[in-house]
Amino acid sequence: MIKRDKPKIYSQFEISIITFYASMIFFLPIVLVFTYLFEIDKALNINTFMFWVLIANAITMVLGTLYLMIKKDYLKRSVKATYRLEFFYLLFLVVFGMLGFVVIYDYLGGDRAYIANIMIVIFSILAYLVIYFGRRYFKFDYMKKK
Amino acid sequence: MKNRKISDEKLNRVIKYLSIAFLGFGILFIAIQFSDFWTWILNAIKSAIVPVILAYFTSLIVFPIIKYLEKKGVGPRLFSLGLVFILSVALIFAGFYYLAPRIVQEITDFFNRDFQTIVIYIETDLRDDFILGKDLYDQIYAYISETDLISSTLDSAVPSIISALTSSFIPTLAAIALLPILLIYYLMDYEMISERIRSIIPKKQEKALAELGSRLNQTVGAYLRGQVFLMIVLGTVATIVYRLIGLKYYVVFGVLVGITNIIPYFGMIIAAVPPIIYTFIATTGPGPALVFLVNVVLQFFEGNIFQPLIIGHHLSMHPIVIIVSILFFGSLFGAVGVIFASPMAASIRVFYNFIREGRKAKLKESQAGANSP
């Protein structure tokens, strides 16, 4: 029997799972990027702020997981050829999330001399992950020329 | 030898095109004789059309949001338009409220603290660091001091810059003041205005021209929306990264990245030059190599990931075409030409593709007509 190399098409459910948990992972870094940008960190105690953001993150994660479980059947039935918008969203999460991790490093008192090195390492890992997820799940291969 | 005769039809066509060309040149020649009159007329048209074009470009960014809101049940039009308008004004105001004091503060700090250091560096240390040798530096320095080159250039340039700014100040201010009013009326009656424009077109060409208009709208709209989004995102990212690496005046340099990003390819290079020069001279903060690296990474992100993803394939043109179009439209229309070079080039391509498709369809039709019994 000839085995056909048929690419698996993922439903909206799998894509929602990826984007939701990515949002949850990058929730704190992204919030911190904006506190850093608008210099809110100078006006409040950043450790307390991070604590409350993490609490809010945990609550959102539980509520979101419940919502996804409730909507599971509906989302499983919905399928698209490519998930362009969702991939676009993931990419922005990754970019600002990456910056957010470096902001956390800065807030925690890390040496600024190593920031470029840390950014390059995080950038390489996240770029690989984004390309992998984009190709496999989102059916969006932006590296391929049309 | 075969004697090829020109058919009457071909001869008629040649005579027709030649007559049109001669007539065109004749009209052009007469028009040149009254150039003052035409300049007067053109200035009047320009002052009327610039706000309208600005309103049209802004509507290409705003109208999809209004349409989306209406699709989601936020209506009638006046309500959705009002909502978008208030939010946009609030965002712009908040942006200015946050950015303006910081930018002013950083520029003041620069002139109070670092400007003097830069002047001292140019007068003393630059001689030792000068890449072409100390002798050449001395010659250049002596030439500049003897001829008063800088002061004479400034004396001639400053008044012309001031007069250019003041002459364009009132029309620009009028265009900015008129823009929201025009935009509200245009967006309120968007469909009606489109319908009226359609009704002017002769019935025979109506469908084809409507299709062309919609394609051009799509191309220019996609470019403008994407470009505005990219400017905001890249400006934000650059500001954060500059602050993270400890660069002074990170808000000014970050905003510069956002603003210059409107010019494809050249924008990021223009934005990278001031911080790199600054880090060369500054004694504290990151080195020029790090700032250069940051800009290279940003350029990589912008050119390879964000631009193809956001602006899409509407403007997928070869870089050489974009660079040539920037040079061409830049020399033709100045700064506006540089900014809008890419959508102009893309519009020309849309126009060319449209004509080619029309010809192909016509050819197919005529072939089908000839083959039918």
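Turning to the overall build of chain A, a few remarks are in order. A count of helical and extended segments in chain A gives six helices and zero strands. What you see in chain A, going N to C, is helices and strands ordered as α-α-α-α-α-α. Considering only C-alpha atoms, chain A reaches an extent of 65 × 35 × 25 Å along its principal axes. In chain A, which comprises 146 residues, the proportion classed as buried is 42%. Summing over all exposed atoms, chain A offers an accessible surface of approximately 9,200 Å²; the carbon and sulfur share of this is 68%. Between the mean site of the 18 positive side-chain charges and the mean site of the 9 negative ones, chain A shows a separation of 14 Å.

Secondary structure summary: chain B contains 13 helices and zero strands in total. Taking 2.2 N^0.38 as the reference for a compact globule, 373 residues should give roughly 21 Å; the C-alpha atoms of chain B span a radius of gyration of 27 Å, well beyond that estimate. Principal-axis analysis of the C-alpha atoms places the extent of chain B at approximately 90 × 70 × 45 Å. Counting over 373 residues, chain B shows a buried share of 28%. A separation threshold of at least 6 residues defines the contact pool for chain B, and within that pool the share at least 24 residues apart is 65%. Of the roughly 24,900 Å² of accessible surface on chain B, a fraction of 72% belongs to carbon and sulfur atoms. The centroid of the 30 positive side-chain charges in chain B is displaced by 20 Å from the centroid of its 24 negative side-chain charges.

At the interface, 26 residues of chain B touch 27 residues of chain A. Between chain B and chain A, roughly 2,400 Å² of surface is buried when both sides are summed, and carbon and sulfur atoms account for 77% of that area. Taken together, the connections running from chain B to chain A amount to zero salt bridges. Our count for the chain B to chain A interface comes out at two residue pairs in polar contact (both at pLDDT 80 or more). When residues of the side of chain B that touches chain A are traced back to their parent elements, those giving at least two are α3 (77-129), α7 (203-244) and α10 (288-310) of chain B. Sort the elements by how many residues they give to the side of chain B that touches chain A and α10(B) lands first, with ten residues. Across the side of chain B that touches chain A, the residue classes tally to 18 nonpolar, six polar and two charged.

So, about the side chain of Thr239(B). With respect to the helices and strands, the residue Thr239(B) is situated in helix α7. Residue classification places Thr239(B) among the buried residues on the basis of a relative accessible area of 10%. Those residues in contact with Thr239(B) that sit more than four places away from it in its chain are Leu37(A), Tyr250(B), Val251(B), Gly254(B) and Val255(B).

What follows deals with the pattern of salt bridges. The tally for this structure, following the rule as stated, stands at nine salt bridges over all chains. Salt bridges sharing common partners tie together Lys67(B), Glu70(B), Arg77(B) and Glu191(B).

Attention now goes to the packing of helix α5 (residues 84-107) of chain A against α7(B). Helix-helix packing is characterised by the crossing angle of the two axes and by the distance between the axes. Packing of α5(A) against α7(B) brings their axes to within 10 Å, and their N-to-C directions diverge by 20 degrees. With respect to their mutual orientation, α5(A) and α7(B) come out roughly parallel. Of the two elements, α5(A) crosses α7(B), and the hand of that crossing is left-handed. Contacts from Phe88(A), Phe92(A), Val95(A), Phe96(A), Leu99(A), Val102(A), Val103(A) and Asp106(A) in α5(A) reach Phe229(B), Val233(B), Thr236(B), Val237(B), Ile240(B), Val241(B) and Leu244(B) in α7(B).

Residue and element names in this part refer to chain B. Helix length check: helix α11 (residues 319-333), at 15 residues, gives a terminal C-alpha distance of 20 Å against a target of 21 Å (1.5 Å per residue), a fit within 8%. Among the residues making up α11, those that are buried are Ile322, Ser325, Ile326, Phe329 and Gly330. Taken end-on, α11 shows its buried residues confined to a sector of 125 degrees, consistent with a single buried face. Residues of α11 that are exposed and point more than 90 degrees away from the buried face comprise Ile320, Leu327 and Ser331. Just beyond α11, the residue with positive phi is Gly334, at close to 75 degrees.

So, on to the nonpolar core. Grouped together as the largest cluster of nonpolar side chains are 65 residues, with contacts concentrated most on Leu99(A) and Tyr242(B). Per-element accounting of this core gives the leading share, 15 residues, to α5(A). Apart from the residues within four sequence positions on either side, Leu99(A) is in contact with Val33(A), Met119(A), Val237(B), Ile240(B), Val241(B) and Leu244(B).

Looking now at the environment of Arg84(A). Mapped onto the elements of the fold, Arg84(A) is located in helix α5. As for Arg84(A) and Tyr74(A), which are separated by ten residues in sequence, their C-alpha atoms are 20 Å apart.

Both the distance between ring centres and the angle between the ring planes are used here to describe each pair of aromatic rings. Scanning all chains against the criterion turns up 28 aromatic pairs over all chains. The interplanar angle of 80 degrees and the centroid separation of 5.3 Å between the aromatic rings of Phe110(B) and Phe111(B) together place this pair among those described as edge-to-face. You can call Phe110(B) partly exposed: its relative accessible area is 21%. Through a chain of ring-to-ring contacts, three or more aromatic side chains come together here, namely Phe110(B), Phe111(B), Phe115(B), Tyr242(B), Tyr249(B), Phe253(B) and Tyr278(B). The ring centre of Tyr36(A) lies 3.9 Å from the NZ or CZ of Arg243(B), which sits over that ring.

Below, the discussion takes up the confidence of the model for chain A. Across chain A, the average pLDDT comes to 82, with 90% of residues at 70 or higher. Across chain A, the element-wise mean pLDDT spans from 81 in helix α6 (residues 115-136) of chain A up to 91 in helix α3 (residues 46-70) of chain A.

At Tyr249(B), a position not held by glycine, the phi torsion is positive, near 55 degrees. Tyr249(B) gets classed as buried once you look at its relative accessible area, which sits at 8%.

To continue, consider helix α8 (residues 250-260) of chain B. When α8(B) is considered as a whole, its buried residues turn out to be Tyr250(B), Val251(B), Phe253(B), Gly254(B), Val257(B), Gly258(B) and Thr260(B). Buried residues along α8(B) sit in contact with α3, α7 and α9 (266-281) of chain B.

Here Leu290(B) is to be found in helix α10. With a relative accessible area of 23%, Leu290(B) lands in the partly exposed category. Sequence-wise, Leu290(B) and Ile245(B) are 45 residues apart; in three dimensions their C-alpha atoms are separated by 8.2 Å. Non-local contacts of Leu290(B), meaning those with residues more than four positions away in its chain, are made with Ala116(A) and Ile245(B).

Rules used in this analysis
Residues numbered from 1 in each chain as written. Chains lettered and ligands numbered in written order. Predicted model: local features only at pLDDT ≥ 70, side-chain atom pairs only at ≥ 80, totals over all residues. Heavy atoms only, no water. Helix = DSSP H or I, 4+ residues; strand = E, 2+ residues; numbered from the N terminus. Buried < 20%, exposed > 50% of the residue type's maximum accessible area, 1.4 Å probe, protein only. Areas by Shrake-Rupley, 256 points an atom, 1.4 Å probe, with all protein chains shown as cover. Lys, Arg positive; Asp, Glu negative; His and termini not counted. Charge placed at Lys NZ, Arg CZ, Asp CG, Glu CD. Rg over C-alpha atoms; globule rule 2.2 N^0.38 Å. Contact = heavy atoms within 4.5 Å. Buried area = accessible area lost by both parts, 1.4 Å probe. Salt bridge = Lys/Arg side-chain N within 4 Å of Asp/Glu carboxyl O. Polar contact = N/O pair within 3.5 Å; in protein donor to acceptor, adjacent residues only side chain to side chain. Nonpolar A, V, L, I, M, F, W, Y, C, P; charged D, E, K, R; others polar. Axes fitted to C-alpha atoms, helices over the stretch in contact; angles between N-to-C directions. Parallel < 35°, antiparallel > 145°, perpendicular 65-115°, else oblique. Left-handed = near helix turned anticlockwise from the far one by under 90°. Expected span 1.5 Å × (residues − 1). Arc of directions from axis to C-beta. Core = buried A, V, L, I, M, F, W, Y, C linked by side-chain atoms within 4.5 Å. Phe/Tyr/Trp six-rings, centres within 6.5 Å; stacked < 30°, edge-to-face > 60°. Lys NZ or Arg CZ within 6 Å of the ring centre and 35° of its normal. pLDDT = per-residue confidence, 0-100.

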